[in-house]
Amino acid sequence: MTEVVVGALADFPPGTHRVVRANGREIGVFNIAGALYGLPNICPHQTGPLCEGARTTGTLAADADSQWAPRWVMEDEVIVCPWHGLEYHVPTGQCLAYPEITLRRYPVIVRDGEVVVTVGGRRR
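Quick caveat: nothing in here was measured; it's all calculated off a predicted structure.

About the cut-offs
Residues numbered from 1 in each chain as written. Predicted model: local features only at pLDDT ≥ 70, side-chain atom pairs only at ≥ 80, totals over all residues. Heavy atoms only, no water. Pairing = 2+ DSSP bridges. Helix = DSSP H or I, 4+ residues; strand = E, 2+ residues; numbered from the N terminus. Buried < 20%, exposed > 50% of the residue type's maximum accessible area, 1.4 Å probe, protein only. Contact = heavy atoms within 4.5 Å. Axes fitted to C-alpha atoms, helices over the stretch in contact; angles between N-to-C directions. Disulfide = S-S within 2.5 Å.

A. Main features of the sheet that holds strand 5 (residues 57-61). Spatial strand order, 5-6-7-8: 4 strands in an open sheet with antiparallel pairing. Where the open sheet ends on each side, the last strands, each with one partner, are strand 5 and strand 8 (94-95). In this structure, strand 7 (residues 87-89) lies alongside strand 8, joined through 2 bridges in antiparallel fashion. Bridging across to strand 8, His89 finds its partner in Gln94.

Take a look at the structure:
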């Protein structure tokens, strides 16, 4: 495992995300209410640039708990692939349309005011 400094914490204010390069990978680093998350910048559907979506949003859900009435959920926790609109829950990496798809998540921490992403071995 390799730790890579990808910027200062000030570069990732709450409610924003950026695509960074870490050890040969493009990773979207998201700040959701002060918690940092890392996802690959690739949508499994057709390899679209997932983390280049304009901003995080929420999504509509309807289930038995709401008597099937649509309601807005996961506010500011969903990224939408700009190519075909698939939605992913950033904190879990879960695809909302296809629950069997879960994205790899990269650990992101803050150390001495710097944002650090942990990635595996070097990609070729």
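From this point on, the discussion continues.
B. Local environment of the environment of Phe30. When you line up the elements, Phe30 lands in strand 3 (residues 25-32). Take Phe30: its relative accessible area is 0%, and that puts it in the buried class. Sequence spacing of Phe30 and His17 is 13 residues, and the spatial spacing of their C-alpha atoms is 4.2 Å. Not counting residues within four places of it along the chain, the set of residues in contact with Phe30 comprises Thr16, His17, Ala35, Leu36, Tyr37, Leu39, Cys51, Thr56, Ile79 and Val90.

C. Layout of the sheet that holds strand 4 (residues 35-40). Reading across from one edge, 2-3-4 is the order of the 3 strands in this open sheet, with antiparallel pairing throughout. Of all strands in the sheet, those bounded by a partner on one side alone are strand 2 (17-22) and strand 4. Averaged over all pairs of adjacent strands, the angle between their axes in this sheet comes to 30°, without regard to strand direction.

D. Region of interest: the side chain of Thr118. Position of Thr118 among the secondary structure elements: in strand 10 (residues 114-119). Ignoring sequence-local partners within four residues, the contact set of Thr118 consists of Met1, Thr2, Glu3, Tyr106 and Pro107.

E. Region of interest: unusual backbone geometry. Residue Ala33 is not a glycine yet carries a positive backbone phi of 55°. Its location among the elements puts Ala33 in the loop between strand 3 and strand 4.

F. How the structure looks around the environment of Gly7. Counting through the fold element by element, Gly7 comes out in strand 1 (residues 2-8). Along the backbone, Gly7 and Glu114 are 107 residues apart, and their C-alpha atoms lie at a distance of 5.8 Å. When sequence neighbours within four positions are dropped, the list of residues in contact with Gly7 reads Phe12, Glu114 and Val115.

G. Structural detail: the state of the cysteines. Scanning all chains against the criterion turns up 0 disulfides. Free cysteine: Cys81, not disulfide-bonded; nearest cysteine sulfur from Cys43 at 4.0 Å. You can call Cys81 buried: its relative accessible area is 3%.

Limitation: the analysis is restricted to geometry and does not speak to function.
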